[in-house]
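# Remarks on the overall topology
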Amino acid sequence: MARRTISHEGGAIYEFTPDLEAIETVESGTELTIETRDSLDGAVQFDDDVIENVPDEVNAATGPIAVDDAEPGDVLAVQIEAIRLAEDRGRVVTIDEFGLLDGFDEIEAPRTRTTPVVDGDEPLEDAESAIRFGDLEVPVDPVIGTIGVAPAGDSYTTLVPHDHGGNLDTTDVTAGNTVYFPVFQDGAMLAMGDCKAAMADGEMCGTGAEIATEIDVTLEVIDDPATAIERPLIETADAWKTVASAQTLEEACQLANFDLIELLSAAHGFDPTEAYMFSSLVGGLEISQVVDPLVTARNAIPKTYLSTPF
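Description of the structure in this document. (Residues numbered from 1 in each chain as written. Predicted model: local features only at pLDDT ≥ 70, side-chain atom pairs only at ≥ 80, totals over all residues. Heavy atoms only, no water.)

The residue Ala 86 is located in the loop between strand S7 (75-85) and strand S8 (89-94) in this model. For Ala 86, a relative accessible area of 42% gives the class partly exposed. With 128 residues separating them along the chain, Ala 86 and Glu 214 place their C-alpha atoms 6.3 Å apart. Setting aside its immediate chain neighbours within four residues, Ala 86 contacts Ala 212, Thr 213 and Glu 214. (Helix = DSSP H or I, 4+ residues; strand = E, 2+ residues; numbered from the N terminus. Buried < 20%, exposed > 50% of the residue type's maximum accessible area, 1.4 Å probe, protein only. Contact = heavy atoms within 4.5 Å.)

Here you go:
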């Protein structure tokens, strides 16, 4: 099956709603290349370009893409095979009233630092190895910041993470990993964008190195899954990671822990307390981001203790 390309030029959303209309419909098993634009829609190209306030429309997500036969109660698996940078620079910005250290006198906002994509000391053409921040180089490690499906009831802008996914800003949403989403609406209605050339856990200033990309994915519908999920779940090479978003970091950690308890109970026949106790031995809480309207955390369980939930 030839890989299909779906571009932001054909459609992109700034809000995940229950009644999204697809720009493309594909079958389960389809291989896609998804083209995305940077989260600031090209408004920042040089250090002198600044963003005074968070735009009303930010984090354009290419899509939505309907997947045939995906129905509520199913799980949509998004296998991320590759993320390629599609422009020669990223941009890191501070914005007034946004970011972990917003309001501190030492922190200037708005401010921009463009991050040229380089190979050693030369601008890149075909290779992608690093971004330059002043005199320092940071390895390119692309991340998809916003990825999700149509939600069950309420609508969420692409700035907000929730049970449908959305602005998860999670470093594990990267090449080599698979992200699983609960399907709430017919067709699932997948969309993604807001990519970064590099980003740290937490996304402290409010952005990574925001950049346009080309993303290779394969989409699979899991019908009648052995274990139901209510929120995104990430599979890495050696772990499963529950992902949850909430008003506070403590609440997000609690949700991620409850989701892990569900997986452990299904796999091992634990009652909830036993699964809770076991998670305290082998789980691992991680911060995804602390800057969006809801914050996001994840809880990792090594595959040694959890085979596939599906």
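To continue, consider the side chain of Asp 74. Position of Asp 74 among the secondary structure elements: in the loop between strand S6 (61-67) and S7. Of the polar contacts made by the side chain of Asp 74, one reaches the backbone nitrogen of Glu 71; its length is 2.8 Å. (Polar contact = N/O pair within 3.5 Å; in protein donor to acceptor, adjacent residues only side chain to side chain.)

Another point: the packing of helix H1 (residues 249-268) against helix H2 (residues 272-282). With their axes 9 Å apart at the nearest point, H1 and H2 run at an angle of 110° to one another. By the angle class used here, H1 and H2 are roughly perpendicular. For the element pair H1 and H2, the recorded crossing hand is right-handed. Here Asn 257, Leu 260, Ile 261, Leu 264 and Ser 265 of H1 lie close against H2, whose contacting residues are Pro 272, Ala 275, Tyr 276, Phe 278 and Ser 279. (Axes fitted to C-alpha atoms, helices over the stretch in contact; angles between N-to-C directions. Parallel < 35°, antiparallel > 145°, perpendicular 65-115°, else oblique. Left-handed = near helix turned anticlockwise from the far one by under 90°.)

A few words now on the nonpolar core. Generally speaking, a soluble globular protein has its nonpolar side chains buried in company with each other. Counting residues in each nonpolar core, the largest one holds 29 residues, and the members touching the most others are Leu 76, Val 78, Ile 144, Leu 190, Met 192, Val 217 and Leu 219. Mapped onto this core, the elements with two or more residues apiece are strand S5 (31-36), S6, S7, strand S13 (143-148), strand S17 (178-182), strand S18 (190-196) and strand S19 (213-222). Those residues within four positions of Leu 219 in sequence are excluded, and the remaining contacts are Val 26, Glu 27, Ser 28, Gly 29, Thr 30, Leu 32, Ile 65, Val 67, Leu 76, Ala 77, Val 78 and Leu 190. In terms of nonpolar packing, the next biggest core, distinct from the first, is built from 16 residues, Val 75, Tyr 180, Ile 229 and Leu 233 among them. (Core = buried A, V, L, I, M, F, W, Y, C linked by side-chain atoms within 4.5 Å.)

What follows is about a negative patch on the surface. A cluster of like negative charges, contributed by Glu 27, Asp 68, Asp 69, Glu 71, Asp 186, Asp 223 and Asp 224, occupies part of the molecular surface. Tracing the backbone through its elements, the reader meets Asp 68 in the loop between S6 and S7. Among the residues examined, Asp 68 registers a relative accessible area of 36% and is labelled partly exposed. (Patch = residues over 30% accessible without salt bridge, like charges linked within 9 Å, V, L, I, M, F, W, Y side chains within 5 Å. Areas by Shrake-Rupley, 256 points an atom, 1.4 Å probe, with all protein chains shown as cover. Salt bridge = Lys/Arg side-chain N within 4 Å of Asp/Glu carboxyl O. Lys, Arg positive; Asp, Glu negative; His and termini not counted. Charge placed at Lys NZ, Arg CZ, Asp CG, Glu CD.)

Once that is clear, we can look at the pattern of salt bridges. Per the stated rule, a full pass over the model turns up 23 salt bridges. The shortest N-O distance in the salt bridge between Arg 89 and Asp 88 comes to 3.0 Å. In this structure, Glu 210 and Lys 196 form a salt bridge, with 2.8 Å as the shortest nitrogen-oxygen distance. You can see Glu 210 sitting in the loop between S18 and S19 and its partner Lys 196 sitting in strand S18, a full 14 residues away along the chain. Given the relative accessible area of 2%, Glu 210 is considered buried. Three or more residues are tied together by salt bridges with common partners; here these are Asp 169, Asp 194, Lys 196, Glu 203 and Glu 210.

Counting buried positions along S13 yields six of six residues, so the element is predominantly enclosed. As defined by bridge partners, S13 adjoins S18 across five bridges and the pair is classed as antiparallel. Directly across from Val 143, in S18, lies its bridge partner Lys 196. Where S13 lies against strand S16 (residues 165-166), two bridges are found, and the strand directions are antiparallel. What sits directly across from Gly 148, in S16, is Gly 165. (Pairing = 2+ DSSP bridges.)

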